[in-house]
Amino acid sequence: MVCWQANSFVEGVSHKIRRQIEELERVTGVESSGLTVDGVPVDSYLTRFVWDEAKYPTILPLREIVDGIHVQVSKIEDDLKVRVAEYSNVRSQLNAINRKQTGSLAVRDLSNLVKPEDIVTSEHLVTLLAVVPKYSQKDWLANYETLTNYVVPRSSKKLHEDNEYALYTVTLFSRVADNFKVKARERGYQIREFEYSSQAQDSWNQELEKLVQEQESLRSSLLQWCYTSYGEVFSSWMHFSAVRVFTESILRYGLPPSFLACVLSPSTKSEKKVRSILEKLCDSTSSQYWKADDETGGAAVFGGDADSYPYVSFTINLI
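Within every chain, residues take consecutive numbers counted from 1 along the sequence as written. Only residues with pLDDT of 70 or above have their local features reported here, since the model is predicted, and side-chain atom pairs are shown and tallied only from 80 upward, although totals for entire chains, interfaces and linings are computed over all residues. Only hydrogens and water are set aside; all other atoms, that is, all heavy atoms of the structure, feed into the side-chain values.

Q: When you look at the overall build of the protein in this model, what are you seeing that I'm missing?
A: Helix and strand assignments follow DSSP, with helices taken as H or I runs no shorter than four residues and strands as E runs no shorter than two, numbered in order from the N terminus. Each helix and strand in the protein was counted, giving eight helices and six strands. Looking at the protein residue by residue over its 319 residues, the buried ones come to 37%. Working definition: with a 1.4 Å probe on protein chains only, accessible area under 20% of the residue-type maximum means buried, over 50% means exposed, and in between means partly exposed.

Q: Can you walk me through a nonpolar patch on the surface in this structure?
A: Only residues whose relative accessible area exceeds 30% and that form no salt bridge enter a patch; like-charged residues are grouped when within 9 Å of one another, and nonpolar side chains (Val, Leu, Ile, Met, Phe, Trp, Tyr) when within 5 Å. Shrake-Rupley sampling with a 1.4 Å probe provides the accessible areas, and residues are treated as covered by the protein chains on show and by no other component. Salt bridges are defined as contacts in which a side-chain nitrogen from Lys or Arg sits within 4 Å of a carboxyl oxygen from Asp or Glu. A surface patch of nonpolar side chains, about 230 Å² in accessible area, is lined by L62, F246 and F259. Mapped onto the fold, F246 is located in helix α6 (residues 198-253).

Q: When you look at the packing of aromatic side chains in this model, what are you seeing that I'm missing?
A: What characterises a pair of aromatic rings is the spacing of the ring centres plus the angle enclosed by the ring planes. Here a pair means two rings of Phe, Tyr or Trp (six-membered ring of Trp) with centres within 6.5 Å. Their orientation is stacked below 30 degrees between planes, edge-to-face above 60, and tilted elsewhere. Here the structure, examined in full by the defined rule, presents 10 aromatic pairs. Relative to F49, the ring of Y45 has its centre 5.9 Å away and its plane inclined at 80°; by these criteria the two rings are edge-to-face. Residue class for Y45 comes out buried when judged on its relative accessible area of 9%. Seen from their ring centres, Y45 and F234 are 6.2 Å apart, and the 70° between their planes marks the pair as edge-to-face. Note that Y45 is positioned in helix α2 (residues 42-47) and F234 in helix α6, a separation of 189 residues in sequence. In terms of burial, Y45 and F234 fall into one category: buried. In textbook terms, an aromatic cluster arises when at least three aromatic residues are bridged by ring pairs, as seen for Y45, F49, Y230, F234 and W237. A ring has a charge above it when a Lys NZ or an Arg CZ is no more than 6 Å from the ring centre and no more than 35 degrees off the ring normal. The positively charged end of R175 is found above the aromatic ring belonging to Y150, 4.3 Å away from the centroid.

Right, dumping it as structure tokens:
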């Protein structure tokens, strides 16, 4: 059970990285050239697998090899979490900014909609920004001058319009601004608080550009890291699988080791046929450790498989 759980963990990390690669490639529009392990395609690596003696010396106890694989993959998973969190944080900041730029006029940032010439500011005059429902525009134009005293006639100008609202300016004496806001709210108009600042706008643009560049840098870095780390984790997974095949075969057939390990990739439709052929090739009498289900009342299952067979078998899911 411990071995099966450890294998599930390593396999799970491999799939996490693969899914992250797919997401990043989709976002960036990069056409995938296929995942590789040690510079070769995954299927080629799998069918030509050779034990890496330099990385996993066979003179070491199997328990030590397995623990080493688990520790290595755990570190990669932790690194993945940190990198993804860092990238997601910057992405969330940009999404928040984009929502402010694409939301309705009632909530969106107005900085990029208002120009310096739209605002009148003097010792006595002030320009307010009114968000008017689209169906109330005629009412606004007919009545804004009379909502309070000292409104500059014909001072209202439409700056922008979306699906729900229109944004208008209105210029009036600053001493009646508060009263105008109250009267506007009573008629269903929203007065947005806004103070134009070229410095603030420049600072905002610089911050936005910085976030965009940071997101692109983090995304590129994360994608390259995932390509490399996927190969490392997949290789670790296959070495772990080789340990599983070896140990289960010893338990199944005993010592000295005398068995053949191979990789088969049948189509889904032909799996039953392939298993039937294998069962005929693997006479159960060759294993003193394996008994049929009707002899044992349910043989122990290797690696969580749903069925037991007269040969060691488990499935490697690459997707």
